[in-house]
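# Overview (structure and organization)
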Amino acid sequence: MARPAQRLAANAPGPFYVDASCIDCGTCWQFDPQHFAPHGEASHVLRQPQGDGELRQALLALQACPVAAIGTTAALRARTPADGFPALITRHPAGDVYYCGWASRRSFGASSWLIVRPGGNVLVDVPRWSAPLARRIRALGGLHTLVLTHRDDVADHDRWARAFHCPRWIHSADADAAPAAERRLEGREPWALDADLQLIPTPGHTAGSLVVLLGERNAVLFSGDHLWWNPAQQVVVASERYCWWNWPEQLRSVERLLDLDVGWLLPGHGHSHGFAPGAWRLALEQTLADARR
Ligand code: SF4
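Residues numbered from 1 in each chain as written. Predicted model: local features only at pLDDT ≥ 70, side-chain atom pairs only at ≥ 80, totals over all residues. Heavy atoms only, no water.

Of regular secondary structure, the chain possesses 7 helices and 19 strands. Seen along its three principal axes, the alpha-carbon backbone of the chain occupies a region of about 50 × 45 × 35 Å. Considering only contacts within the chain whose residues lie at least 6 apart along the sequence, 55% involve residues at least 24 apart. Roughly 12,700 Å² of accessible area belongs to the chain as shown, and the carbon and sulfur atoms make up 52% of that amount. Counting 28 positive and 29 negative side-chain charges, the chain places the averaged centre of each group 6 Å from the other. (Helix = DSSP H or I, 4+ residues; strand = E, 2+ residues; numbered from the N terminus. Contact = heavy atoms within 4.5 Å. Areas by Shrake-Rupley, 256 points an atom, 1.4 Å probe, with all protein chains shown as cover. Lys, Arg positive; Asp, Glu negative; His and termini not counted. Charge placed at Lys NZ, Arg CZ, Asp CG, Glu CD.)

Take a look at the structure:
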């Protein structure tokens, strides 16, 4: 629970604040950039919310924080919406995509995504266990499959798989992080989970990193920590600094995604982004040029 006595000096004056327990995971400012922003090695309240809509967003950022480093008054906390997460991001012909919130410290606040689709709902990476979130997911049809994009973002996978009796996919090269996972992707060839849902191995960030592709045209790409969007520079980032296994392999994995038709990039860490038709390839070419400079 955030403590007023540990309120960071950078916070804008007002009822919302970030305290010294912030781990700088980025969850709050990725979800609610209107009110939260990075500041040195922590985040802070950039601007206090005004009006009901903004208050709802800030309260959901508070709920999503993996270490409860965001505080406010008890009266405002009592107004936290019970149905805020999962939050709808986009509707694709192959399925509706939601952000799950409830980030876990064990995955350093990584984002997890719910795909609600006729062939069965899929959870891409996992939030911390939350009974209210589980109830909402049940109301949306439950979970058919759980996909773990890589070893860092497995969080409470056992709890979620047990609650929904659904199989877990992970690449065999990262499977020691989730040894109970029922399904293992082998090698480097894409694997079709269904006609409109593929797992694509993208080794580099870790040996077993994979991305999930929903749809074919104007597809939604769930990229784990392989790629994310930098809004300040307007580029797709592949990060050598955060590459834990093999950087040249990671760049080869980026190349293998050039021919996709991606409309949305939804990462584990960093910002999401929507692309205009044709913009994906140009953006990845820029990523590769920047990385090789
Ligand atoms: S979500 Fe919490 S831990 Fe993460 S950056 Fe924001 S305040 Fe810090």
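After that view of the structure, there is still more to cover.
A few words on the nonpolar core. With 67 residues, the main nonpolar core has Phe16, Phe36, Phe85, Trp160 and Phe222 as its most contacted residues. Two domains each put at least three residues into this core: domain 1 (4–77) and domain 2 (87–292). Counting 22 residues, the second-largest nonpolar core is a separate cluster that includes Leu221, Leu258, Phe275 and Leu284. (Core = buried A, V, L, I, M, F, W, Y, C linked by side-chain atoms within 4.5 Å. Buried < 20%, exposed > 50% of the residue type's maximum accessible area, 1.4 Å probe, protein only. Domains from an automatic or database assignment.)

The next thing to look at is the packing of aromatic side chains. Per the stated rule, a full pass over the model turns up 11 aromatic pairs. Centroid distance tyrosine 242 to tryptophan 244: 6.0 Å. Interplanar angle 90 degrees. Geometry classified as edge-to-face. Residue class for tryptophan 244 comes out exposed when judged on its relative accessible area of 51%. Through a chain of ring-to-ring contacts, three or more aromatic side chains come together here, namely Phe31, Phe85, Tyr99 and Trp113. Sitting over the face of the ring of phenylalanine 164, arginine 138 holds its NZ or CZ atom 4.4 Å from the ring centroid. (Phe/Tyr/Trp six-rings, centres within 6.5 Å; stacked < 30°, edge-to-face > 60°. Lys NZ or Arg CZ within 6 Å of the ring centre and 35° of its normal.)

It is worth spelling out the domain arrangement of the chain at this point. With domains assigned, the chain is organised as domain 1 (4–77) and domain 2 (87–292). Between the C-alpha centres of domain 1 and domain 2 the distance comes to 26 Å. Between domain 1 and domain 2, the contact holds 12 residues from the first and 14 residues from the second. Taken together, domain 1 and domain 2 are joined by 0 salt bridges. The interface formed by domain 1 and domain 2 holds 5 residue pairs in polar contact (both at pLDDT 80 or more) in total. Of all elements in the fold, only α1 (27–31) and α2 (51–64) reach the threshold of two or more residues within the side of domain 1 that touches domain 2. Top contributing element to the side of domain 1 that touches domain 2 by residue count: α1, with 4 residues. Looking at side-chain class alone, the side of domain 1 that touches domain 2 contains 8 nonpolar, 3 polar and 1 charged residues. (Salt bridge = Lys/Arg side-chain N within 4 Å of Asp/Glu carboxyl O. Polar contact = N/O pair within 3.5 Å; in protein donor to acceptor, adjacent residues only side chain to side chain. Nonpolar A, V, L, I, M, F, W, Y, C, P; charged D, E, K, R; others polar.)

Turning next to the side chain of threonine 287. Of note, threonine 287 is situated in helix α7 (residues 279–292). By relative accessible area, which is 5% here, threonine 287 ends up buried. Only 2.7 Å separates the side chain of threonine 287 from the backbone oxygen of valine 236, close enough to count as a polar contact. When neighbours within four sequence positions are excluded, threonine 287 is seen to be in contact with Val236, Val237 and Ala238.

Let's shift gears to empty space enclosed by the protein. Overall, the coordinates contain 1 cavity of 30 Å³ or more when judged by the stated rule. If you add up the space inside the largest cavity, you get close to 70 Å³. Lining of the largest cavity is provided by 14 residues; of these, Cys22, Asp24, Cys25, Cys28 and Cys65 occupy positions nearest its centre. For the lining of the largest cavity, the class distribution of residues is 10 nonpolar, 3 polar and 1 charged. (1 Å grid on protein atoms, 1.4 Å probe; cavity = no way out; pocket = protein on both sides within 12 Å on 5 of 7 lines; lining within 4 Å. Points joined across faces, edges and corners; volume = space filled by probe spheres on them.)

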